[in-house]
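# Fold and geometry: a report
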Amino acid sequence: MKKLEVIPAMDLMGGQCVRLQQGDFERRRNYSADPLQMARQFEAAGFRRLHLVDLDGARAGRPCHLPVLRQICAETSLIVDFSGGIQSSDDLHVVFEAGAAMAAIGSLVVKDTARFLQWLEYHGPDRLLAGLDVRGGYLAIRGWTEQTQIHVTDMLETLVSHGLKQVFCTDIDRDGLLQGPATDLYKAILGNFPGIELIASGGVRQPGDLLELQQAGCSGAIVGKALYEERPDQFGKWLHFDHF
């Protein structure tokens, strides 16, 4: 069985940590006005990675929270993957320059697959993740506001054939609702692409859900709202989910 890494999510709007329900910008809850402090709490609890999402950048079409990224990378040891607003090679360069270990690319993977594949070839599969947001099996883009007719399996066929290794997949209908992860979706994906590192995202509500995802073959799980609803002194229990 693969070891599963728990990855806290940090979604940024206006310099603050927030969570959205099902990607709806009107259904927003603020959790912290100090992203660095929150990152330090994650680090102190024992987490190694951070999934940093620039929601303002996703809407603006350019990264908007580079100062936050720089600060977290400079003042913690967290391995950060950054997403939101990366549209050009210059955007990708400044994100890496700011300290991100990896860039997670979402809408552009679908809108301009050829460009993403060029980046993948140039930077290598260890530095790029494809962020695939799924509703009913089909991909959604532009902050989940635009539904496509591209099935997640068809997109993965192309990406994996060009060397992609890391994918995080969000089930939009479960995100931010604490209704449990889309385990059947992840099992189906891994049944077709057993060699990828699949990171589950959306719906995780308790540490026991993580064991289910590990048994399904996921290599990681992004946890957002469920972590933010905890007291910081309880974060550590999410690293020992196999005890639940």
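Relevant structure appears above.
Residues numbered from 1 in each chain as written. Predicted model: local features only at pLDDT ≥ 70, side-chain atom pairs only at ≥ 80, totals over all residues. Heavy atoms only, no water.

## Quick notes on the nonpolar core
If you look at the biggest cluster of nonpolar residues, it comprises 69 residues, and the most contacted ones within it are Met10, Leu69, Ile105 and Phe116. In terms of residue count, helix H3 (residues 66-75) provides more of this core than any other element does, five residues in total. Excluding residues within four positions of it along the chain, Phe116 makes contact with Ile105, Leu108, Val109, Leu128, Leu129, Ala130, Leu159 and Leu164. Core analysis: the next-biggest nonpolar cluster, separate from the first, contains eight residues, Met102, Phe168, Ile199 and Ile222 among them. (Core = buried A, V, L, I, M, F, W, Y, C linked by side-chain atoms within 4.5 Å. Buried < 20%, exposed > 50% of the residue type's maximum accessible area, 1.4 Å probe, protein only. Helix = DSSP H or I, 4+ residues; strand = E, 2+ residues; numbered from the N terminus. Contact = heavy atoms within 4.5 Å.)

## Considerations on the layout of surface pockets
Empty space within the second largest pocket amounts to approximately 200 Å³. Lining of the second largest pocket is provided by Lys3, Leu4, Glu5, Val6, Gly46, Phe47, Arg48, Gln214, Leu239, Phe241 and Asp242. (1 Å grid on protein atoms, 1.4 Å probe; cavity = no way out; pocket = protein on both sides within 12 Å on 5 of 7 lines; lining within 4 Å. Points joined across faces, edges and corners; volume = space filled by probe spheres on them.)

## Focus on the packing of aromatic side chains
Applying the stated criterion across every chain, the model contains three aromatic pairs. For the pair Phe42 and Phe235, a centre-to-centre distance of 5.2 Å together with 35° between the ring planes defines the contact as tilted. Separated by 193 residues along the polypeptide, Phe42 in helix H1 (residues 35-45) and Phe235 in the segment after helix H10 (225-228) bring together distant segments of the chain. Here Phe235 falls in the buried class, since its relative accessible area comes to 2%. (Phe/Tyr/Trp six-rings, centres within 6.5 Å; stacked < 30°, edge-to-face > 60°.)

## Digging into the pattern of salt bridges
All told, the structure shown has eight salt bridges when counted by the stated rule. A salt bridge links Arg40 to Glu75; the nearest nitrogen and oxygen atoms lie 2.6 Å apart. Taken together, the positions of Arg40 in helix H1 and Glu75 in helix H3 put the pair 35 residues apart, joining distant regions of the chain. (Salt bridge = Lys/Arg side-chain N within 4 Å of Asp/Glu carboxyl O.)

## A few points about helix H4 (residues 89-97)
Taken residue by residue, H4 has Asp91, Leu92, Val95 and Phe96 as its buried positions. For H4, the angular spread of the buried residues around the axis is 130°, confining them to a single face. Away from its buried face by more than 90 degrees, H4 exposes Asp90 and Glu97. Looking at the packing, one finds that the buried side of H4 touches H3, strand E5 (79-83), strand E6 (102-105), helix H6 (113-123) and strand E7 (128-135). The first or second residue beyond H4 is Gly99, which carries a positive phi of 120°. (Arc of directions from axis to C-beta.)

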